[in-house]
Amino acid sequence: MQVSVRDNNVEQALRALKKKLQREGVFREMKLKQHFEKPSVKKARESAEAVRRARKLARKKAQREGML
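What you are looking at is a predicted structure, and each value in this text was computed from that prediction instead of being measured.

S.K.: Help me understand the pattern of salt bridges in this model?
M.R.: Side chains bearing opposite charge may pair, as long as their charged atoms lie close to each other. Overall, the coordinates contain three salt bridges when judged by the stated rule. Here Glu 37 makes a salt bridge to Arg 45, at a shortest N to O gap of 2.9 Å. Judged by its relative accessible area of 21%, Arg 45 is partly exposed. Among the ionic pairs, Glu 49 bridges to Arg 45, the shortest N-O distance being 3.1 Å. Here Glu 49 pairs with Arg 45, and both are found in helix α3 (residues 39-64), just four residues apart, close to one helical turn. Relative accessible area serves as the criterion here: at 13%, Glu 49 is assigned to the buried category.

S.K.: Please clarify how a positive patch on the surface should be interpreted in this entry.
M.R.: There is a patch of like positive charges on the surface, built from Lys 56, Arg 59, Lys 60, Lys 61 and Arg 64. You can see Lys 56 is positioned in helix α3.

S.K.: Just checking my understanding: could you explain a nonpolar patch on the surface for this structure?
M.R.: Residues Val 5, Val 10 and Leu 14 make up a contiguous nonpolar surface patch of about 250 Å² in total accessible area. Relative to the assigned elements, Val 10 resides in helix α1 (residues 10-24).

S.K.: For this particular structure, what's the right way to read the layout of surface pockets?
M.R.: If a probe the size of a water molecule is rolled over the atoms, the empty space left behind becomes visible. Put simply, the largest pocket is a space of about 210 Å³. What lines the largest pocket is simply Gly 25, Arg 28, Glu 29, Leu 32, Arg 45, Glu 49, Arg 52, Arg 53, Lys 56 and Arg 59. Residue assignment for the lining of the largest pocket shows that the elements contributing at least two residues are α2 (26-32) and α3. The element best represented in the lining of the largest pocket is α3, accounting for six residues. Looking at the lining of the largest pocket residue by residue, the classes come out as one nonpolar, one polar and eight charged.

Cut-offs applied
Residues numbered from 1 in each chain as written. Predicted model: local features only at pLDDT ≥ 70, side-chain atom pairs only at ≥ 80, totals over all residues. Heavy atoms only, no water. Salt bridge = Lys/Arg side-chain N within 4 Å of Asp/Glu carboxyl O. Buried < 20%, exposed > 50% of the residue type's maximum accessible area, 1.4 Å probe, protein only. Helix = DSSP H or I, 4+ residues; strand = E, 2+ residues; numbered from the N terminus. Patch = residues over 30% accessible without salt bridge, like charges linked within 9 Å, V, L, I, M, F, W, Y side chains within 5 Å. Areas by Shrake-Rupley, 256 points an atom, 1.4 Å probe, with all protein chains shown as cover. Lys, Arg positive; Asp, Glu negative; His and termini not counted. Charge placed at Lys NZ, Arg CZ, Asp CG, Glu CD. 1 Å grid on protein atoms, 1.4 Å probe; cavity = no way out; pocket = protein on both sides within 12 Å on 5 of 7 lines; lining within 4 Å. Points joined across faces, edges and corners; volume = space filled by probe spheres on them. Nonpolar A, V, L, I, M, F, W, Y, C, P; charged D, E, K, R; others polar.

In C-alpha cells, the structure reads:
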C-alpha cells in the first residue's frame, strides 16, 4: 500500500493511509486477531457476515431496479 506526501503535508497523507487501511479491512482484522476465536464461533460469524453481505447486495440490486 502506498500513499504519496504532497507539499510536505504529512497529516493529509496519514488520513489517506488510514482511509485505505479502513477500506481494506486491516483494522477490523487486527481487532479480530487480538483474541483467540473458537472455530465454531468463527464459522458462525463468517456465516452471519455472508448473509449480511447477500442481503445488502439484494437490497442494492432491488433499489437500482426501482423496487423500493
